[in-house]
Amino acid sequence: MASRVDIEEGGNGRKPRGAAENSTAFDYGHVSVGESEWTSWVVPMFVVANVAMFIVAMYVNNCPANPNPYGSCVARFLRRLSFQPFRQNPLLGPSSSTLEKLGALEWNRVVHEHQGWRLLTCIWLHAGVIHLLANMLSLVFIGIRLEQQFGFVRIAAIYLISGLGGSVLSSLFIRNSISVGASGALFGLLGAMLSELITNWTIYTNKFAALMTLLFIIAINLALGILPHVDNFAHIGGFMTGFLLGFVLLVRPRFGWYESRMLPHERKPRSKYMAYQWILAAIAFCLFVVGFSVGLTMLFKGENANERCHWCRYLSCVPTSRWTCGN
């Protein structure tokens, strides 16, 4: 779950973006024989990189060296790596000022200080141990299976570009706080799983059960995003990016293609892919290019998407009698 917790009360704190919690990759059935399984290495490498960046953030944070009005550091036996006071950051992590220093997403810095690199660096930072564990467990459950099926190049591309898509949409709607976390990238993998199932529909067994299960997982995780302090715009932006990329990058050959290689030429299928797969890929690619172009143009022109869509704020937080929603 991606959160928008203000990890410094009254400061410029914000919104760690979390994972699609409790999500797992699952089998849809048997695909055509002849496909080899890849060895997953890029997803474990992403996990190591995220953990390493968290350690770096804690080292830079150096809680004991900075007097804090919220109380004493948590787990002081860790010395320089000890956590900020629980009242300041309940996720057990660094301060928001440390995260901002290391590359957290912040609208003003991206637009007015020309620090567009923050759109990508923010996905490698996490607000705390709880935030990091939730994201990395989800990445392992979702990413390893996808990488084994489709290879590191395509899965790494979907992960990184989806993270960027989540950052762009988040920046268009949220201006007054910083944002960190890999939820846009993780929701991109969920979106790619859905489009992969749709475009390769004919080669799977148990397809309806798989579709209902996947839609349920996605709906639950997006629904959690309407709670306060959760950056659901990063979820939605990443999901839509991954969903479109899945039609383009995760297309499988038509049923029986691998087996047909042993048949006489006149009995082989005319095309490796079916017509509807080409059509879906073309439409998705066009929508992806247009969507990214419009989003980046609006962002760097400094436009506020809330002014174009007044009800969209409810996609990230729905106010109730128990809590209020702020930007």
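Please refer to the structure higher up on the page.
Note that this is a predicted model, so its numbers are computed, not measured.

Enquirer: So, the state of the cysteines: which residues are in play, and what are the values?
Expert: Simply put, the disulfide is a covalent bond whose two ends are the sulfur atoms of two cysteines. Scanning the entire structure with this criterion turns up 1 disulfide. The side chain of Cys63 participates in a disulfide bridge whose partner is Cys73; the two sulfur atoms lie 2.0 Å from each other. One quick way to see it: the torsion about the S-S bond of Cys63 and Cys73 is about -95 degrees, and its sign makes the bridge left-handed. Of the two residues, Cys63 is situated in the loop between α1 (42-61) and α2 (96-102) and Cys73 in the loop between α1 and α2; the sequence distance between them amounts to 10 residues. With respect to burial, Cys63 and Cys73 carry one shared label: buried.

Enquirer: Just give me the short version of a nonpolar patch on the surface, but keep the residues and values in it.
Expert: On the surface, Val51, Ile55, Tyr59, Phe77, Leu78 and Leu81 cluster together to form a nonpolar patch covering roughly 570 Å² of accessible area. If you trace the backbone, Phe77 turns up in the loop between α1 and α2.

Enquirer: Explain the nonpolar core to me, using residue names and the numbers behind them.
Expert: Ranked by size, the top nonpolar core spans 61 residues in total, and within it Leu139, Tyr159, Leu189 and Leu190 carry the most contacts. Of all the secondary structure elements, the ones that give two or more residues to this core are α1, α3 (107-111), α5 (129-150), α6 (152-173), α7 (183-199), α8 (207-224), α9 (232-249) and α11 (275-300). Among the elements that make up this core, the one with the highest residue count is α7 (9 residues). Excluding its chain neighbours within four sequence positions, the residues that come into contact with Leu189 are Leu139, Ile142, Gly143, Leu146, Ile155, Ile158 and Tyr159. Listed in part, the 7 residues of the second largest apolar core include Leu99, Ala104, Leu125 and Val180.

Enquirer: Help me get a handle on the environment of Leu139, residues and values and all.
Expert: Among the structural elements, Leu139 can be located in helix α5. For Leu139, a relative accessible area of 0% puts it in the buried group. In the structure, Leu139 is positioned 96 residues away from Val43 in sequence and 7.3 Å away in space, judged by C-alpha atoms. Other than its neighbours up to four places away in sequence, Leu139 contacts Val43, Phe46, Val47, Ile144, Tyr159, Leu186 and Leu189.

Reading the values: the criteria
- Residues numbered from 1 in each chain as written.
- Predicted model: local features only at pLDDT ≥ 70, side-chain atom pairs only at ≥ 80, totals over all residues.
- Heavy atoms only, no water.
- Disulfide = S-S within 2.5 Å.
- Helix = DSSP H or I, 4+ residues; strand = E, 2+ residues; numbered from the N terminus.
- Buried < 20%, exposed > 50% of the residue type's maximum accessible area, 1.4 Å probe, protein only.
- Patch = residues over 30% accessible without salt bridge, like charges linked within 9 Å, V, L, I, M, F, W, Y side chains within 5 Å.
- Areas by Shrake-Rupley, 256 points an atom, 1.4 Å probe, with all protein chains shown as cover.
- Salt bridge = Lys/Arg side-chain N within 4 Å of Asp/Glu carboxyl O.
- Core = buried A, V, L, I, M, F, W, Y, C linked by side-chain atoms within 4.5 Å.
- Contact = heavy atoms within 4.5 Å.

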